[in-house]
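The residues making up each chain are set out below.
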Amino acid sequence: MSLLDIRSFAAGDWIAPDDTARMIASAVTGEPMARAGSALPVQDMLDYARDVGGPALRGMTFHDRARMLKALALELGKHKQALYDLSFSTGATQSDHLIDIDGGIGTMFVFASKGRREMPDGHVYLDGEVEQLSRNGTFLGQHIATSLQGVAVHINAFNFPVWGMLEKLAPTLLAGVPAIVKPATATCYVTELAVRIMLDSGILPAGALQLVSGGVGDMLDRLGCQDVVSFTGSAQTALALRSNPVILRNSVRFVAEQDSLNASILGPDAVAGTPEFDLFVKEVTREMTTKAGQKCTAIRRIIAPEGSVPALIDALSARLGSTTVGNPQDEGVRMGALVSAAQKADVLEKAALIGAEADRVFGDPEDFAMSGSKGAFLPPMLFHCADPDGAERVHDTEAFGPVSTVMGYRDLGHAVQLANRGQGSLVASVITHDPAVAREVALGAGAFHGRLYFNNRDSMKESTGHGSPLPHMVHGGPGRAGGGEEMGGIRGVMHYMQRTAIQGSPDILSAIGGTWVPGAAEIEGPAHPFTRRFGDLAIGETIHTDPRVVTLEDIEHFANFTGDTFYAHMDEEAAKRNPFFPGRVAHGYLLLSFAAGLFVEPNEGPVLANTGLDGLRFMKPVQAGDAIKVRLTVKTKTRRNDAYGEVRWHATLTNQDDEMVAEYELLTMVAF
């Protein structure tokens, strides 16, 4: 078979491997299949990203970038089969492809959706509410986030050549920052195809995405305060990279996701014969065999009640024994090869260290179906540590393959202590049907783990699994896990933006944030705002209504009509005994109804629907005889499609003394 030349994409050009290229062998056959690596114009790549890609991305709004992500995801989806076919050479099975390739594409869809739903159709992200810094509200403060003006360098691991790239790339592009992607050389041929698909689509602006197939040279020595390094890999490599003097001196953001001795706890209630016990066996087996155990979230330590350990070992051994290991393209194969011979050797070395403190109870690497193959095959290997308190290696050695260790605990506090001895993990799971068990573990172990996954008979049918990081939730962990975070919805986007505190007048804050702030200038439109189309409305456009007097008859009619005869509305003496009311008062919802009657334009027009009401507060009670009036202001506008957009209105109700009675935000859909 002819060798594949895996190219880099640098400063607008595809660059072929040169005589420094590294050979890449098939994980399945052990035969050379590709080569990658060349000297690259590193400074040109950084300049291309900063000077071409960055301005192009920052010129787009968050919604433009979100639509771009969706288009990229759709384009990748059209080429999934080609990615599957190539990915078999990494040792991955078809089920593994669904996690890596489909999971990566799905992650892009989630960020595209969140970008449209949770971020503005603008260039400034508002982080939190306005802070009143002066008595009369003429001097305010707010936190905003804007795009970093550098480049993100993504250094990814070998195990997920597509998902590992896309889960970093999606929030980076949504933030408006260009990326240089450096996949692990062992599986870079899959990443190269995915990058080529995205670049050939023409969806990305020039300079938004570049690819390093091979080494990065001295790229990290050229980074500055606007740049970000996001790394996934070993703790040793992470330490070496983040200790780079330039990164330290320039305070370059460094996000690390590294080694993790993840644990799974079998709850004391989950004894043999319960649905939870069976679920636990299924989860552990899946985590040991998916991607041949080459997952940063795989279960490395199995923590079970001492009395359940024998039954658990028997059940796990039986289930692991039914797992067929072999060529991932062969029918019936459930676990493929490790990524390389070097990785296989490393796993065996680490397993030997674990074996010095634990007995191997399943899986002999010298005697299994694929033991004579040239591919990087290993069987699932299960160990039992009888003395987890006295052991060290089972708590500090990660065999990055299909290896896990069972250990017993005396009580739940002991289980938490054992889980925390990993000194920081990406995920710990607890299989229990007892909410009290879940709470105790959360309080005792939460500080040591980036994610706590609880599962039982109630959630098992819909749960995603111990080892599945989801784009909605943070992926990362303290201590040994690297101390960083990725994904987590918009939290992941913030890693590529700068939070800035702005201070000034209401008009200044409104102009910067594209959102009307109370106290800012009000605009009088040429007609009632409900008669004006989305594109014609201006931020700050306001109407002030005439007042309406609230009568006792109104209050009693509303009470009888709705059935809300709460004493504060119907019993004068009882209402006076309430510390919040001077006597009988109007219903809050009566006031909202009257407010709508004051500002609504009844005739057919561009306002299509009222879709919600946010932030409602009642500040002062209204009695019979009080007069209320409304100020309604266009706060923000968000385009939803080519037919209509969402207008968020700021509404305030005041009484005859101009005292604030109520405040809320009204959401409407308005036609273009």
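Residues numbered from 1 in each chain as written. Predicted model: local features only at pLDDT ≥ 70, side-chain atom pairs only at ≥ 80, totals over all residues. Heavy atoms only, no water.

A.B. asks: Could you clarify how one ought to interpret the overall build of the chain in this entry?
C.D. replies: Along its length, the chain carries 20 helices and 29 strands. Expressed as lengths along the three principal axes of its C-alpha atoms, the size of the chain is roughly 90 × 60 × 45 Å. Counting every position in the chain, which comprises 672 residues, the buried fraction comes to 54%. Residue pairs at least 24 apart in sequence account for 72% of intrachain contacts in the chain once pairs closer than 6 positions are excluded. Accessible surface, the chain as shown: approximately 27600 Å² in total, 51% of it carbon and sulfur. (Helix = DSSP H or I, 4+ residues; strand = E, 2+ residues; numbered from the N terminus. Buried < 20%, exposed > 50% of the residue type's maximum accessible area, 1.4 Å probe, protein only. Contact = heavy atoms within 4.5 Å. Areas by Shrake-Rupley, 256 points an atom, 1.4 Å probe, with all protein chains shown as cover.)

A.B. asks: Even after reading the chapter, I still don't get the sheet that holds strand E20 (residues 452–455), so can you show me in this structure?
C.D. replies: Two modes of strand pairing occur in sheets, parallel and antiparallel, and in both the strands are linked by backbone hydrogen bonds. Taken together, the seven strands give an open sheet; going across it, the order is E16-E17-E18-E15-E14-E19-E20, and neighbouring strands pair in mixed fashion. Taken across any chain shown, the strands that pair with only one partner, and hence form the sheet edges, are strand E16 (359–362) and E20. Shown here is a sheet whose adjacent strand axes are inclined to one another by a mean of 25 degrees, direction ignored. By the bridge criterion, five bridges tie strand E15 (residues 301–305) to strand E18 (residues 403–409) in an arrangement that is parallel. When the sheet's bridge partners are listed, Ile-303 is paired in E18 with Met-407. Sitting on the sheet, helix H11 (residues 341–355) is in contact with strand E17 (381–385) and E18, with an inclination near 20 degrees to E17. (Pairing = 2+ DSSP bridges. Axes fitted to C-alpha atoms, helices over the stretch in contact; angles between N-to-C directions.)

A.B. asks: So what exactly am I meant to see when it comes to the environment of Glu-663 here?
C.D. replies: Of note, Glu-663 is situated in strand E29 (residues 660–671). With relative accessibility at 16%, the residue Glu-663 sits in the buried group. Linking Glu-663 and His-384, residues 279 residues apart in sequence, is a C-alpha distance of 62 Å. Residue contacts for Glu-663: discarding those within four places in its chain leaves Gly-615, Leu-616, Arg-617, Met-619, His-650, Ala-651 and Thr-652.

A.B. asks: Looking at this structure, how should I read the nonpolar core?
C.D. replies: Soluble globular proteins tend to pack their nonpolar side chains together in the buried interior. One finds Leu-173, Met-198 and Met-497 to be the most contacted residues of the largest nonpolar core, which totals 59 residues. Aside from chain neighbours lying at most four places away, what touches Met-198 is Leu-72, Leu-76, Met-165, Leu-166, Leu-169, Ile-203, Leu-204 and Leu-209. One finds Ala-27, Ala-358, Ala-391 and Ala-445 within the second-largest nonpolar core, a separate group that totals 37 residues. (Core = buried A, V, L, I, M, F, W, Y, C linked by side-chain atoms within 4.5 Å.)

A.B. asks: Just checking my understanding: could you explain helix H3 (residues 80–87) for this structure?
C.D. replies: Helical geometry: 3.6 residues make up each α-helical turn, so side chains three or four residues apart lie on a common side. Within the span of H3, buried status applies to Leu-83, Tyr-84, Leu-86 and Ser-87. Where H3 is buried, its residues meet strand E1 (4–6), helix H2 (62–78), helix H4 (94–118) and helix H6 (188–200).

A.B. asks: Please explain the pattern of salt bridges as it appears in this structure.
C.D. replies: Between side chains of opposite charge, pairing is possible as soon as their charged atoms come close. The final tally for this structure, using the stated rule, is 34 salt bridges. Its salt-bridge partner being Arg-639, residue Asp-642 comes within 2.3 Å of it at the nearest N-O pair. A relative accessible area of 66% means that Asp-642 is categorised as exposed. Linked through salt bridges whose partners overlap, the residues forming this network are Asp-614, Lys-635, Arg-648 and Glu-665. (Salt bridge = Lys/Arg side-chain N within 4 Å of Asp/Glu carboxyl O.)

A.B. asks: Looking at this structure, how should I read the packing of aromatic side chains?
C.D. replies: Across all of its chains, the model carries seven aromatic pairs by this definition. Relative to Phe-400, the ring of Phe-158 has its centre 5.9 Å away and its plane inclined at 85 degrees; by these criteria the two rings are edge-to-face. Here Phe-158 is found in the loop between strand E9 (152–155) and helix H5 (163–175), whereas its partner Phe-400 is found in the loop between helix H12 (393–396) and E18, with 242 residues between them in sequence. Clustering of aromatic rings is evident, with ring pairs tying together Phe-530, Phe-599 and Trp-649. Above the ring of Trp-14, the side-chain terminus of Arg-196 is found at 3.8 Å from the ring centroid. (Phe/Tyr/Trp six-rings, centres within 6.5 Å; stacked < 30°, edge-to-face > 60°. Lys NZ or Arg CZ within 6 Å of the ring centre and 35° of its normal.)

A.B. asks: Please explain H6 as it appears in this structure.
C.D. replies: Under the 1.5 Å per step criterion, the end-to-end length of H6 is 18 Å for 13 residues, consistent within 8% with the ideal 18 Å. Here H6 has its buried residues at Cys-188, Tyr-189, Val-190, Thr-191, Glu-192, Ala-194, Val-195, Ile-197 and Met-198. Count one or two residues on from H6 and you reach Gly-202, which has phi positive near 75 degrees. (Expected span 1.5 Å × (residues − 1).)

A.B. asks: When you look at the sheet that holds strand E5 (residues 32–36) in this model, what are you seeing that I'm missing?
C.D. replies: Taking strand neighbours across the sheet as the criterion, the three strands line up as E1-E5-E4 in an open arrangement whose pairing is mixed. Each of the sheet's edge strands pairs with one partner strand only, and the pair in question is E1 and strand E4 (22–25). Across the sheet, the mean angle from the axis of one strand to that of its neighbour is 30 degrees, orientation sign disregarded. Across four bridges, E4 lies against E5 in antiparallel orientation. By the bridge assignment for E5, Met-23 is matched with Arg-35. The strands that H6 touches are E1, E4 and E5; relative to E1, the one it contacts most, it runs at about 70 degrees.

A.B. asks: Could you clarify how one ought to interpret unusual backbone geometry in this entry?
C.D. replies: Most peptide bonds take the trans form, and the phi angle of most residues other than glycine is negative. Despite not being glycine, Ala-292 has its phi angle at roughly 55 degrees, a positive value. Relative to the elements of secondary structure, Ala-292 occurs in the loop between helix H9 (275–289) and E15. With relative accessibility at 1%, the residue Ala-292 sits in the buried group. Not every positive phi belongs to a glycine, and Gln-423 is a case in point at roughly 60 degrees. In this fold, Gln-423 is placed in the loop between helix H13 (412–420) and strand E19 (428–431).

A.B. asks: It is not clear to me how the packing of H3 against H4 should be interpreted in this structure. Could you clarify?
C.D. replies: The geometry of a pair of packed helices is captured by two quantities: the angle between their axes and the separation between those axes. Closest axis-to-axis distance for the H3/H4 pair is 10 Å, and the angle between their directions is 135 degrees. If you check the angle between H3 and H4, you find them oblique. Here H3 runs over H4; the crossing is right-handed. Taken together, the residues of H4 that come into contact with H3 (itself represented by Lys-80, Leu-83, Tyr-84 and Ser-87) are Gln-94, His-97, Leu-98, Ile-101, Asp-102 and Ile-105. In terms of residue class, the contact of H3 with H4 is made up of five nonpolar, three polar and two charged. (Parallel < 35°, antiparallel > 145°, perpendicular 65-115°, else oblique. Left-handed = near helix turned anticlockwise from the far one by under 90°. Nonpolar A, V, L, I, M, F, W, Y, C, P; charged D, E, K, R; others polar.)

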